[in-house]
Number of protein chains: 2
Amino acid sequence: MKGASGSISPGDLPAEDLRRLGHEVADWIADYVASVGDLRVFPDVVPGDVRRSLPAAPPEAGESMEAALADFRDIIVPGVTHWNHPAFFGYFAITGSGPGILGEMLSAALNVNAMVWRSSPAATELEEVATDWLRQLVGLPDDFDGVINDTASHSTLYALAAAREVAYPEVHDGGLFGLPRGRVYASEHAHSSVEKAVMTLGFGRSGYRTIPSDDAFRMRTDALEAAMEEDEAAGIRPVAVVPTLGTTSVTSLDPVGEIVPLARAHGAWVHVDAAYGGPAAIVPELRPLLSGWEGADSIVINPHKWLFTPTDCSTLYCRRPGVLVRAFSLIPEYLRSTEQGDVKNLMDYGVALGRRFRALKLWFVLRWFGRDGIVANIREHVRLARLLESWADASEDWEVAAPVPLGLVCLRHAPPRMSDERADDINQLILDRVNGSGKAFLSHTKLHGRLVLRVAVGNLKTTERHVAALWDLLRESAAAATSD
Amino acid sequence: MKGASGSISPGDLPAEDLRRLGHEVADWIADYVASVGDLRVFPDVVPGDVRRSLPAAPPEAGESMEAALADFRDIIVPGVTHWNHPAFFGYFAITGSGPGILGEMLSAALNVNAMVWRSSPAATELEEVATDWLRQLVGLPDDFDGVINDTASHSTLYALAAAREVAYPEVHDGGLFGLPRGRVYASEHAHSSVEKAVMTLGFGRSGYRTIPSDDAFRMRTDALEAAMEEDEAAGIRPVAVVPTLGTTSVTSLDPVGEIVPLARAHGAWVHVDAAYGGPAAIVPELRPLLSGWEGADSIVINPHKWLFTPTDCSTLYCRRPGVLVRAFSLIPEYLRSTEQGDVKNLMDYGVALGRRFRALKLWFVLRWFGRDGIVANIREHVRLARLLESWADASEDWEVAAPVPLGLVCLRHAPPRMSDERADDINQLILDRVNGSGKAFLSHTKLHGRLVLRVAVGNLKTTERHVAALWDLLRESAAAATSD
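For clarity, every value in this text was computed on a predicted model and none was experimentally measured.

### Focus: the sheet that holds strand β3 (residues 208-211) of chain B
All names here are of chain B.
At step 1: A sheet is described by the order of its strands in space; here 7 strands give the open sequence β1-β7-β6-β5-β4-β2-β3, paired in mixed fashion. Two strands bound the open sheet, and with one partner strand each, they are β1 (145-149) and β3. For this sheet the average axis-to-axis angle between neighbouring strands, irrespective of direction, equals 20°.
At step 2: Lying on the sheet, helix α5 (residues 121-138) is in contact with β1, β6 (298-301) and β7 (314-318); it crosses β1 at an angle near 115°.

Structure representation (structure tokens):
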């Protein structure tokens, strides 16, 4: 039996059933975004709970969508970590905003694949427009050409493939076999995706060299210079430097303005990982933090992090797009076509041939918020982060473990006379208590070998009330943990 | 001014506006899927039309979502190539089915990122369940472990990274520098993404060797064996063989049962590209076409191609998932967590750290259709393709340029006494006329150097009436082209 119509046709869900269920789902979504704050952030499940609640084998006959939607509500939702919750402070807090959700709904229905211009002209051209709007908002020069990928991991992989193409013109045909070793440099706080990209590209882990950071967790340019010089003396080629603007651990911003000329002097490509920090450049008083990034060869900014766009949406800007195309362009006959005029074939800018219509949601987000709305929201997130920082600073039992340039506060419960080892244990207990309470969700990192709690403020529904409640919860959890 | 509420808050779209607009969008989607067949398939635009219709600069103040949705309807939709149209026969015809659309709506609202188990237990475990259901449906052994990626291009890249890890244990640390050359083999009809993956991994274009095919466009195993032997004699290591089950040009199926033991004998990994053809294994009478694929090391199947799931959804099955993990697993502190029990951290299986909740739409699709519904629909697509083949066979002015094992017909207008060169020109004119008419959309390929029209049947709304109308349109276009 299928749907309310009782039809046993094996075809698609009839349009009228899709309309009825679409309305039900639209209501569910509106209720969800209005009330997600009442749910536990981290679910009350142990590994295997969700899997065991579902049949081990697929259905032989089709089932009704009503049954599937009921299981979604009863089994899936209670097993979800609610990233769209105002008390989600883990990893990087993000928002699936209303305009973005509407964009994803429409993209799914159109289901276009903008691999070449003619496979969807509007999707291709809207991607050009939306990425160019974002470029203007963050204040990058107009020779940066943008494309949208799924993740920063892939954007960085593609950028470093272009860097490899420049460092080794022979690689395109002959590969890395027999070529002199090369290296990519990033700070010890760079994202793991940089090392993954380097490994994927065939450089091996020894093709990746981490550079020590200063007291503010920023890449030390003297150490970078020394590393490149040492490597060059040993016959190792500097291929690329990857400064981060907003590291995952602490949101530190590498001094990209100093790094660019250093990298240039050694012939290295500069790829800036601004996946998290990029949108901060839209806010006038924060823009100086990113100063110098306009000198890079490529930059990744993820609207699905701090720009209210549902995941996935990662924009890769490249001022040498011809190199990116050279690294990836292979045009098989079945995709060859001759268009009149200037067309962009998005498949030429990376590995992925298939491409969802991701520009639509980004365009909706940029239109709804406008520059003013983006500035106001990012500014508020930074204010909330600094507020929490000020409370922790004022408490002798807590320390702020890193500067707070953007929306992340790194905290550690460290009362006077508590040993570092004991404090590590206590902070782990605090983390477990907070997450186990379901009232808020945090993640952690290690700084100087010590466990630190990360509080990322980035969801649009997060208000001062949520941050104050978290601060209470942290102190209660600390009291409980130390009295255990 | 914002929304109907007139609020000037810079925050997210209020929930009640999201509800109202969600209903509007749900209606638009239902109307769209009900009536997309009345639209032009390929839009009446030239390059730049869409871009020029949009403001060159982003808005300073936020706009209403009503305005954005109006522009979507008035500017974007008329510029889209309608992949969800029943007369879309280009590339591979696909379907954004109703259940899949509902799944994408919900995924966008939840906005979870299942990079590790705890970042969303239900998304991680539903991915395990849905990929295992699909494994059972296609009849693969239970030691194949599945993960969902965005595209087959990335799935293949990851599989070949695992193959590289096996062929060169040293690559993990030292990279390819100084190692003996290696090669990946695929038929001359393999997808371009295989060569892109090989280049990305640092093998260069010379690390990719195409193997000639037989009369049915299937990889010649004698030529494969000779190539591997020749390469080995020259000190080149066979790293992987990539048979295709359903090539993009002609949907030929390489003899994977013969290829597997050959590859094994030379120590090469076997990665099967069943991105298009995989779902055919769900249909009993088609399953023998894929016989032998169960011996492979890894297999990619794209539910977003012939399994009615909105793009993007590519499942990568690997029977040596430990190798895949070894190639990609790098766990930074901020993602480290100790779960009790057996948890899967999806980020360990590829480059992309961020992961949308793609399993939800696939699960909805498998539940709605069930095995029976999938079988009935794929069977009908194959019947329609063979019907068109029979019509062309019966016409002395048309030739069927390749066997029709699945849902694709390769046609060429080639009346008696027309030269090959003239026929190439005529077929190009036919292609341009068909696509320019807006009544149907085709793509092309070249076989034996000659232009061939591809008719891919794969959309759920495509019926015999649409195929018959296309056949009329092809003949009318041929008559018009030859009389010009």
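Structure shown, so let's carry the discussion forward.
### A short note on helix α3 (residues 65-76) of chain A
At step 1: Residues M65(A), A68(A), L69(A), F72(A) and I76(A) constitute the buried set of α3(A). The buried residues of α3(A) occupy an angular sector of 100° when projected down its axis, which confines them to one face. Exposed side chains of α3(A) directed beyond 90 degrees from the buried face belong to A70(A), R73(A) and D74(A).
At step 2: Its buried side turned inward, α3(A) meets α1 (15-35) of chain A together with α4 (98-110), α5 and α13 (359-394) of chain B.

### A short note on the nonpolar core
At step 1: Counting 338 residues, the largest nonpolar core has F89(A), V455(A), F89(B), V184(B) and V455(B) as the members making the most contacts within it.
At step 2: Not counting chain neighbours up to four residues away, the residues in contact with V184(B) comprise L160(B), V194(B), V198(B), F203(B), G207(B), Y208(B), V239(B), A240(B) and V242(B).
At step 3: Of all hydrophobic cores here, the second largest spans 8 residues; its members include F177(A), V171(B), L176(B) and L179(B).

### So, the interface of chain A and chain B
At step 1: Taken together, the contacts link 141 residues of chain A with 140 residues of chain B.
At step 2: The element contributing the most residues to the side of chain A that touches chain B is α1(A), with 15 residues.
At step 3: Within the side of chain A that touches chain B, the residues separate by chemical class into 71 nonpolar, 43 polar and 27 charged.

### Let's talk about the packing of helix α6 (residues 152-167) of chain A against helix α8 (residues 192-200) of chain A
Each pair of packed helices gets described by two things: the angle between the helix axes and the distance between those axes.
All names here are of chain A.
At step 1: Two elements in contact, α6 and α8, have axes separated by 9 Å at closest approach and are oriented at 45°. Our classification of the angle between α6 and α8 gives oblique. Note on packing geometry: the crossing formed by α6 with α8 is right-handed. For the pair α6 and α8, contact is made by A152, S153, T156, L157 and L160 and by S193, V194, K196, A197, V198 and T200, respectively.
At step 2: A breakdown of the residues in the contact of α6 with α8 according to their chemical character gives 6 nonpolar, 4 polar and 1 charged.

### Let's talk about the relation of the copies chain A and chain B
At step 1: The transform that puts chain A on chain B rotates by 180° and translates by 0.0 Å along the axis, for an RMSD of 0.0 Å. This pairing of chains is accounted for by a two-fold axis.
At step 2: Both copies share a contact surface, since 99% of the interface residues of chain A are interface residues in chain B too.

### Considerations on the packing of α6(A) against helix α12 (residues 321-328) of chain A
Residues and elements named next belong to chain A.
At step 1: Two elements in contact, α6 and α12, have axes separated by 8 Å at closest approach and are oriented at 90°. The orientation of α6 relative to α12 falls into the category roughly perpendicular. Only V323, L324, R326 and A327 of α12 make contact with α6, whose side of the interface consists of Y158, A161, A162, E165 and V166.

### Overview of unusual backbone geometry
At step 1: With an omega of 5°, the peptide bond running from T311(A) to D312(A) counts as cis.
At step 2: Note that D312(A) resides in the loop between α11 (303-306) and β7 (314-318).
At step 3: The backbone phi angle of R417(A) is positive, close to 70°, even though this residue is not glycine.
At step 4: Counting through the fold element by element, R417(A) comes out in the loop between β9 (408-413) and α14 (420-437).
At step 5: Look at R417(A) and you get exposed, because 6 C-beta atoms sit within 10 Å.
At step 6: Although it is not a glycine, T251(B) adopts a positive phi angle of roughly 55°.

### Some words on the sheet that holds β7(A)
All names here are of chain A.
At step 1: In spatial order, the strands read β1-β7-β6-β5-β4-β2-β3; together these 7 strands make up an open sheet with mixed pairing. Of all the strands in the sheet, the pair left with one neighbour each is β1 (145-149) and β3 (208-211). Recorded for the sheet is a direction-independent mean angle of 20° between the axes of neighbouring strands.
At step 2: Sheet topology places strand β5 (residues 269-273) next to strand β6 (residues 298-301); 3 bridges connect them, and they run parallel. Within β6, the residue paired with D273 across the bridge is V300.

Rules behind the numbers
Residues numbered from 1 in each chain as written. Chains lettered and ligands numbered in written order. Predicted model: local features only at pLDDT ≥ 70, side-chain atom pairs only at ≥ 80, totals over all residues. Pairing = 2+ DSSP bridges. Helix = DSSP H or I, 4+ residues; strand = E, 2+ residues; numbered from the N terminus. Axes fitted to C-alpha atoms, helices over the stretch in contact; angles between N-to-C directions. Contact = placed C-beta atoms within 7 Å. Buried ≥ 20, exposed ≤ 12 C-beta atoms within 10 Å, placed from the backbone. Arc of directions from axis to C-beta. Core = buried A, V, L, I, M, F, W, Y, C linked by C-beta atoms within 7 Å. Nonpolar A, V, L, I, M, F, W, Y, C, P; charged D, E, K, R; others polar. Parallel < 35°, antiparallel > 145°, perpendicular 65-115°, else oblique. Left-handed = near helix turned anticlockwise from the far one by under 90°. Least-squares fit on C-alpha atoms with pLDDT ≥ 70 in both.

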